[in-house]
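Per-entry structural report
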2 protein chains.
Amino acid sequence: MRQPQALAFDVFGTVVDWRSSIIAELKAFGRRHAAHRDWAAVADSWRAGYVPAMDRVRRGELPWMKIDDLHRMILIELLEAVGLTSVGADEIDELNRAWHRLDPWPDTVAGLTRLKQRFLITTLSNGNVSLLTNMAKRAGLPWDCVISAEMFRHYKPDPEAYLGCAELLDVAPGELMLVAAHPSDLRAARSAGLMTGYVVRPLERGPGRPPPRYDEGEFDVTATDFLDLADKLGRFGRENFR
Amino acid sequence: MRQPQALAFDVFGTVVDWRSSIIAELKAFGRRHAAHRDWAAVADSWRAGYVPAMDRVRRGELPWMKIDDLHRMILIELLEAVGLTSVGADEIDELNRAWHRLDPWPDTVAGLTRLKQRFLITTLSNGNVSLLTNMAKRAGLPWDCVISAEMFRHYKPDPEAYLGCAELLDVAPGELMLVAAHPSDLRAARSAGLMTGYVVRPLERGPGRPPPRYDEGEFDVTATDFLDLADKLGRFGRENFR
């Protein structure tokens, strides 16, 4: 394996546990409104609405919209669908910013802290810059910089997002490794010439829902979490990597 | 005074002492080549070439070029001017990356660390992303994110740079304070609707060269260094700001 110069991390599901965080925020919202709903299902629908909404932007059916705005559009539809139609705009904004307050997986901060000693580490997320920055500040994610699809006005898996990240970091695509829990993201990155690191997140979609399939050897590295990733990339490490 | 939500920092001269760092790198380069020159003058010329080069990009006379490329173009001219014409491309690249290795002012890291407790802190520099990220990693600058003119393909003082920064942070221009040691940068930021914080850096251009003039009360805050800035903005602080 070649030696990556920089690691770019997918965020939702890879770095943070969006599902538990969003369910907890929706439940608290429900308690404030004395509204009993299947909030786990609402969380899953919120997330499920995100790829089709981005795809509308990617196909040009919608103008460029940041994820905050796409999330808000989906949320309003979902609240209407569960019969909550009288929620004020400020409260919708506050609930929508739940995506800025996602909790990291238990290994995330320790793993990133180790990886940062050896590599430049950045986000490469479809989340907008303010979302990613607020999230990092709250959760203590030690990014060297914050790179978002918003900077390229191209959502992953458009190649512009992967290549734009390499360009900003001034590395060749083949010197940049995308780290993600999603084979589809990694396959698009590989097509753009990036290295790939797969981290399995078996609980991303909730208990009992297996992660997507991939082929043995399909990615440059496969790891069980960020600490395992640091161990595996450590083989290539400088002396200050431990 | 209103309350800023975020602070965007000019970098060269405001956060880092470019002059001492560049002189030291040029002197080491000179020793390697047994070349005795007035390296302080070369450093000043290197820096002096930067604004005219950016202005050529701003006027459209040059295509978009990142600062690394502008610095390299100027460096080659300067080395020729002092009679060093046989330096290899790799060594020129290495010397050019001296701008990635600038040292912070003595108060910088402690001041930013305090300010970060209360505000979102970012760069807003004409330096390219890789330069700013490498600099932060080496010097321990605790940015929440790294924002560069490169993301807008507009150099300061174009208004697109100031407004683009506010847009990425999802704050109104009037909620964003530019912090800079350069009145001209601050005046352009104010024209774009930003708040302004002036930090005096009396040694930026070397001993005995006074900083540029400004009018009393021209900027929202004036501070002697980043610790003084933290004290002055602390009046508006949350309880966790100290």
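Residues numbered from 1 in each chain as written. Chains lettered and ligands numbered in written order. Predicted model: local features only at pLDDT ≥ 70, side-chain atom pairs only at ≥ 80, totals over all residues. Heavy atoms only, no water.

1. A closer look at the domain arrangement of chain A
Residue and element names in this part refer to chain A.
- For chain A, the domain assignment lists domain 1 (6–17 + 103–236) and domain 2 (18–100).
- Here domain 1 and domain 2 have C-alpha centroids that lie 24 Å from each other.
- With 27 residues of domain 1 in contact, the opposing surface of domain 2 contributes 19 residues.
- Between domain 1 and domain 2, the buried area comes to about 1,900 Å², and carbon and sulfur atoms account for 52% of it.
- Its largest share of buried area at the contact with domain 2, domain 1 owes to Phe12, Asp17 and Tyr155, together 34% of the area lost on that side.
- Where domain 1 packs against domain 2, one counts 3 salt bridges.
- Arginine 58 is the partner of aspartate 158 in a salt bridge, and the nearest nitrogen-oxygen pair spans 2.9 Å.
- Where domain 1 meets domain 2, there are 15 residue pairs in polar contact (both at pLDDT 80 or more). (Domains from an automatic or database assignment. Contact = heavy atoms within 4.5 Å. Buried area = accessible area lost by both parts, 1.4 Å probe. Salt bridge = Lys/Arg side-chain N within 4 Å of Asp/Glu carboxyl O. Polar contact = N/O pair within 3.5 Å; in protein donor to acceptor, adjacent residues only side chain to side chain.)

2. Considerations on the relation of the copies chain B and chain A
- Each copy of the sequence occupies a distinct position, and chain B is placed on chain A by a rotation of 180° and an axial shift of 0.0 Å, giving an RMSD of 0.0 Å. Both copies of the chain, as the preceding transformation shows, are related through a two-fold rotation axis. By C-alpha distance to the rotation axis, the residue of chain B lying nearest is cysteine 145 of chain B, at 2.7 Å.
- Comparing interface residues between copies, 100% of those in chain B also lie at the interface in chain A; the contact surface is shared. (Least-squares fit on C-alpha atoms with pLDDT ≥ 70 in both.)

3. A short note on the interface of chain B and chain A
- In this assembly, 19 residues from chain B lie in contact with 19 residues from chain A.
- Of the roughly 1,700 Å² buried where chain B meets chain A, counting both sides, 56% is carbon and sulfur surface.
- Residue lysine 66 of chain A pairs with glutamate 167 of chain B through a salt bridge whose shortest N-O separation is 3.8 Å.
- At the surface where chain B touches chain A, the tally comes to 10 residue pairs in polar contact (both at pLDDT 80 or more).
- Secondary-structure elements contributing two or more residues to the side of chain B that touches chain A are helix H7 (129–139), strand S3 (145–148) and helix H8 (159–169) of chain B. (Helix = DSSP H or I, 4+ residues; strand = E, 2+ residues; numbered from the N terminus.)

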